[in-house]
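Per-entry structural report
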Amino acid sequence: MMSFRICLVYLLGFCLIFSEDHSGFCLDTVWQPSISHLKAVNDKQSLLVTWLVKHSGFVGNIYEIQISRTENHTIIYNINISLFSMDSNEYTWAWTSDLPLECVSHSVRIRHFSNQSVPSPWSNWVTNNGVQPKDKTELFPYRRVLREGTSAVFCCVPPRGVNITSITLNDNKSYLINIGARVKALKVDNLTIPKRQIKVLSLICTDSTGKQSYAGNYVSFPPQKPRNLSCATSDMTTVTCTWDPGRKRDQFDRNVQTRTLHIENSDQAPIQCEQSSCTFSAIPQLEEYNISVLVKDQLGEETESYSFNISDRVIPAVEWGRVSPGVTDTTLSWIVQANLTQLNLLCQVTTDPGSTTEMNCNSVSGLCKVKLELLPNTRYSTRVRCSVNGRLWGEWTQLRFFTTCPLVTLDVWRRIKQLSDPNSRQVTLLWSLHVPDSAATVNIQGYIVQWSQEAQNWTEWRDSGQTQAEVSIGPGQYEFTVQAVLHIDSTLSAHITIPKSDGENLPVEKRLNNSTPAGFSLSWDQLDTATCGYTVEWCILGHAVPCTLHWMKIAKGNNTLFLPARNFKEGCRYTFNIYGCMENGHRLLEIQTGYSQELTSLQSPNLVEPVQSTSSSVTLEWHYSEDDPAHPAFITGYLVMVQKVGSDMPQGHAANLFNVSVADPRRKSVTIEGLQQNQEYTLSVSALTKEGPGQPASITIRTRTNYSAHVAKILIPILLLLGCTILLWPQRGKAKNRLKKIFVYPAGMNIQIPELDSFLQETSEKLQSQNVECSCCDIEILNTSVPLNETSTVNDPEPINTLTSSGSQSSPSACLSLSCVPLQAEYCPQSVTALQQTVCITNKTYFYTVKDDLCDLRHKKS
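Residues numbered from 1 in each chain as written. Predicted model: local features only at pLDDT ≥ 70, side-chain atom pairs only at ≥ 80, totals over all residues. Heavy atoms only, no water.

**Notes on the overall build of the chain**
Check the secondary structure of the chain and you find six helices and 56 strands. Buried residues in the chain amount to 39% of all 862 residues. Considering only contacts within the chain whose residues lie at least 6 apart along the sequence, 64% involve residues at least 24 apart. Accessible area for the chain stands at about 50700 Å²; split by element, carbon and sulfur atoms hold 51% of it. (Helix = DSSP H or I, 4+ residues; strand = E, 2+ residues; numbered from the N terminus. Buried < 20%, exposed > 50% of the residue type's maximum accessible area, 1.4 Å probe, protein only. Contact = heavy atoms within 4.5 Å. Areas by Shrake-Rupley, 256 points an atom, 1.4 Å probe, with all protein chains shown as cover.)

**Things to note about the state of the cysteines**
Within the structure shown, the criterion is met by eight disulfides. In this model, cysteine 361 is linked to cysteine 368 through a disulfide, with the two sulfur atoms separated by 1.6 Å. Every disulfide takes its handedness from the sign of the S-S torsion; for cysteine 361 and cysteine 368 that torsion is -85°, giving left-handed. With respect to burial, cysteine 361 and cysteine 368 carry one shared label: buried. (Disulfide = S-S within 2.5 Å.)

**Focus: the side chain of glutamine 348**
The topology assignment puts glutamine 348 in strand β27 (residues 345-352). Side chain to side chain, glutamine 348 and glutamate 358 meet in a polar contact 3.2 Å long. Not counting residues up to four positions away in its chain, the partners in contact with glutamine 348 are Thr356, Thr357, Glu358, Arg383, Val384, Arg385, Trp393 and Trp396. (Polar contact = N/O pair within 3.5 Å; in protein donor to acceptor, adjacent residues only side chain to side chain.)

**A closer look at empty space enclosed by the protein**
Counted by the stated rule, this structure contains two cavities of 30 Å³ or more. Approximately 60 Å³ is the volume found for the second largest cavity. Considering the residues around the second largest cavity, the lining is formed by 11 residues, among which Leu340, Leu345, Cys361, Ser363 and Gly366 are closest to the centre. (1 Å grid on protein atoms, 1.4 Å probe; cavity = no way out; pocket = protein on both sides within 12 Å on 5 of 7 lines; lining within 4 Å. Points joined across faces, edges and corners; volume = space filled by probe spheres on them.)

**A word on the packing of aromatic side chains**
The description of an aromatic ring pair uses the distance of the two centres, along with the angle that the planes make with each other. Under the defined criterion, the tally for this structure stands at 24 aromatic pairs. Judged by centre distance (6.0 Å) and plane angle (75°), the rings of phenylalanine 520 and tyrosine 574 are edge-to-face. Highlighted residues: phenylalanine 520 in strand β40 (residues 519-523) and tyrosine 574 in strand β44 (residues 573-582), separated in sequence by 54 residues. Per residue, the accessibility class of phenylalanine 520 equals that of tyrosine 574, and both read buried. When the ring of phenylalanine 520 is compared with that of phenylalanine 576, the centres are 5.0 Å apart and the planes differ by 65°; the resulting orientation is edge-to-face. Residue phenylalanine 520 is found in strand β40, and its partner phenylalanine 576 is found in strand β44; the two are separated by 56 residues along the sequence. When sorted by exposure, phenylalanine 520 lands in the same class as phenylalanine 576, which is buried. By the ring-pair criterion, three or more aromatic residues cluster together here, those being Phe520, Trp538, Phe568, Tyr574 and Phe576. Cation over ring: arginine 383 sits above tryptophan 396, and NZ or CZ is 4.4 Å from the ring centre. (Phe/Tyr/Trp six-rings, centres within 6.5 Å; stacked < 30°, edge-to-face > 60°. Lys NZ or Arg CZ within 6 Å of the ring centre and 35° of its normal.)

**As for the sheet that holds strand β26 (residues 329-336)**
Across a sheet, strands are paired by hydrogen bonds formed along the backbone, either parallel or antiparallel in direction. As summarised here, the arrangement of the three strands in space is β25-β26-β29, forming an open sheet in which the pairing is antiparallel. In this open sheet, the two edge strands, each paired with only one partner strand, are β25 (318-325) and β29 (367-373). Ignoring which end each strand starts from, the neighbouring axes of this sheet average 20° apart. In this structure, β25 lies alongside β26, joined through six bridges in antiparallel fashion. Its bridge partner being in β26, glutamate 319 is matched across the sheet by isoleucine 335. (Pairing = 2+ DSSP bridges. Axes fitted to C-alpha atoms, helices over the stretch in contact; angles between N-to-C directions.)

**Considering the nonpolar core**
In this structure, Leu410, Trp431 and Phe480 are the most contacted members of the largest nonpolar core, which totals 29 residues. Looking at this core, the elements with two or more residues in it are β32 (409-418), β33 (425-434), β34 (446-453), β36 (468-473), β37 (478-487), β38 (490-498), β42 (549-554) and β45 (585-595). Val640, Phe658, Val670 and Ala687 belong to the second-largest nonpolar core, a separate cluster that totals 25 residues. (Core = buried A, V, L, I, M, F, W, Y, C linked by side-chain atoms within 4.5 Å.)

**Observations regarding the sheet that holds β32**
One open sheet holds the three strands; their spatial order is β32-β33-β36, and the pairing between them is antiparallel. Looking along the sheet, the strands with just one partner apiece sit at the ends: β32 and β36. For this sheet the average axis-to-axis angle between neighbouring strands, irrespective of direction, equals 20°. Relative to β36, β33 runs antiparallel, the two being bridged by six bridges. Directly across from valine 427, in β36, lies its bridge partner valine 471.

**Points about the environment of isoleucine 310**
By the secondary structure assignment, isoleucine 310 is in the loop between β24 (300-309) and β25. On a C-alpha basis, the gap between isoleucine 310 and glutamate 288 in space is 6.6 Å, while along the polypeptide they are 22 residues apart. The contact partners of isoleucine 310, leaving out residues within four places of it in the chain, are Thr233, Met236, Val239, Ala282, Leu286, Glu287 and Tyr289.

**Remarks on the pattern of salt bridges**
Once their charged atoms are close, side chains differing in charge can pair, the charge on each being opposite to the other. Counted under the stated rule, the structure contains 17 salt bridges. Note that lysine 225 and glutamate 304 form a salt bridge whose closest N and O atoms lie 3.4 Å from each other. Linking lysine 225 in the loop between β17 (212-220) and β18 (227-233) with glutamate 304 in strand β24, this pair joins segments that are 79 residues apart in sequence. Note that arginine 666 is salt-bridged to glutamate 626, the shortest N-O span being 3.1 Å. With arginine 666 in the loop between β50 (656-662) and β51 (669-673) and glutamate 626 in the loop between β48 (617-623) and β49 (637-644), this pair connects stretches of sequence that are 40 residues apart. Linked through salt bridges whose partners overlap, the residues forming this network are Glu626, Asp627, Arg666 and Lys668. (Salt bridge = Lys/Arg side-chain N within 4 Å of Asp/Glu carboxyl O.)

Below is the structure:
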């Protein structure tokens, strides 16, 4: 301490010696600063201290500042501040108090250190007085926004003569801190935002009089620095900057923020912004922008800067135009909301299901279109976005949903009718729409029928319900086109060529023998000139009138077609016309006819009466239209059945004698021989198909009597008797004697008539009891392997056709025609029954009478 005083004395002496040459130097050392202004910022709990600055030649000025509280000037803060070259004569320093400035008085004083070591005297205390309540206690801070995570001191200032007894914060009493004689305080560390809906810290002070005072404060967090700041423009005239504001604030937060955007390289005024975006007009001729975004509230402020070139920050804005779905493609259009033709505009279109398509769009009007190849009858979603040079892609548009049209095809065909005028033809143009089963109803507005011949053109309109049109044309070649108008700007067309009238001959009709219950199997010869395939046509109802025509197109190179039976009716004849498609039209190649399944329900033939007959044969004739298309099957021939009428048939034998088949369906007569005279027969005729006979037509006739046979039976005995008489006449004497010996009684015999009758009766019984070997033999040949429909053909050395049931075969030995067995007068034909054929041969080797037996016995007795 003594050394310090000695140094100070030497220094003062040194100053007096050199006072003339260095005037004012020593005086500067003892210069005393003074506080020119003291300002309290209560909401920030800050004191702003301002004093005059003395400029000197030394580098750096040091000031010491002290802050005290209450009237006793209790020092609570002390700091040294170094100031360097200053342009201003005043300097302002800020100090923030942990205690609200309203609670107690705060005083500030200052002093200066000369040459960084010699202090000047302290300035006078400059005081910022606290609140002096008169009648009620006041609480601080009051309705202030406090920073989350910091510490805060709350105080209660009572009137004079009143003491504070307790402080409650959010219904919790806390330890009191004495600030001066009357003021009581409460300190809270790490402030948090209340979780209740009203984000308020409630403070209650109770004084010695029992009165309570209330105050509410808010807790919030300071502004956050904008993150991911970027700017873009969609039309080069308006710029929008966006950023991430950071932590989300509660809707009841009282810490109100302001956001402003500043364009640093222009004189444009600051722009007020939204919470996370800001929009301003582009400055003409300005390409480079330097901007800053300032976020400010009661707890502070944050700034973020950003620089960009406006040409590089173009993000096109897109809105949907139209979606026009087709069958296998869809046209999409959208509008770019700016004139960006001077830039390279790229757009992406994505479909789901599907992929992404990228395309250039430089339309002056801003309308962009794309045609996408898609699947028919499928639901899609699509969206689009655009970019300039592929740098920044705009936002995707909203999803648009659409469904492609079903695969509807228009098929056209024709029927050509030659009129009586050789130069006139009538064309019936027919068309049909083919729509898949899964498709919705197709809305057809109508049809446009067009035809042309050389330079002439004609057009007609047909309503949506019509499917044909009749047109009269000449003998030349014509081109026909039918267009189905589905909806606006959407049509479906089909074309067909009508060839010249050349009077072509119709091909020979072929029968389909390979049709099965499953359907028709059509096949035809390939034709090299059929460059566009084949067409098969038929009537849906067969040969019923009117004909509803149906057709089917066959691709080139294919010459077969299977048509399932479910589309056809059993027992109905169908005719299929097969056309070859050529460059100059369609030409008829083949005509095939057949049944999907033949039936046996045929009509019976019409018999011709009277029937010609003899004593042993019958000639049967009938009428039948074998080619009538109304028949349920093809006629392959006829079956004639012969049946004997009468009840004297042998036991166990059928009444049918035999069957006769006629293999030629155009032959409608047959002669049946070998019948008995004067005998009734039932003859029936039925048409035959491969499925069997149809309904029969029957007639009963009686054969004529053979009178020549009766005459022969009478004359033969007479002639024999006459011949014997002539031969025996010369020997009449000898014969007479022998007869006497035979018929005259011997002498002495008395034979009575009754005894002779008894003798003859006894002899007859004895003869009947004898077994005579093979006096008469009947031989029957039975063949059970022949089916019912095994027949013989009359007057033909070989059968014309043999009806056999499915799975059976005829034995050659069983095939016997009537001409194979000679008929005699005694011949008795056996009945030809079902599943058997019988041939009866009667062999009579000898006959003897009772008279001969009597003669032999008489000789034995004699």
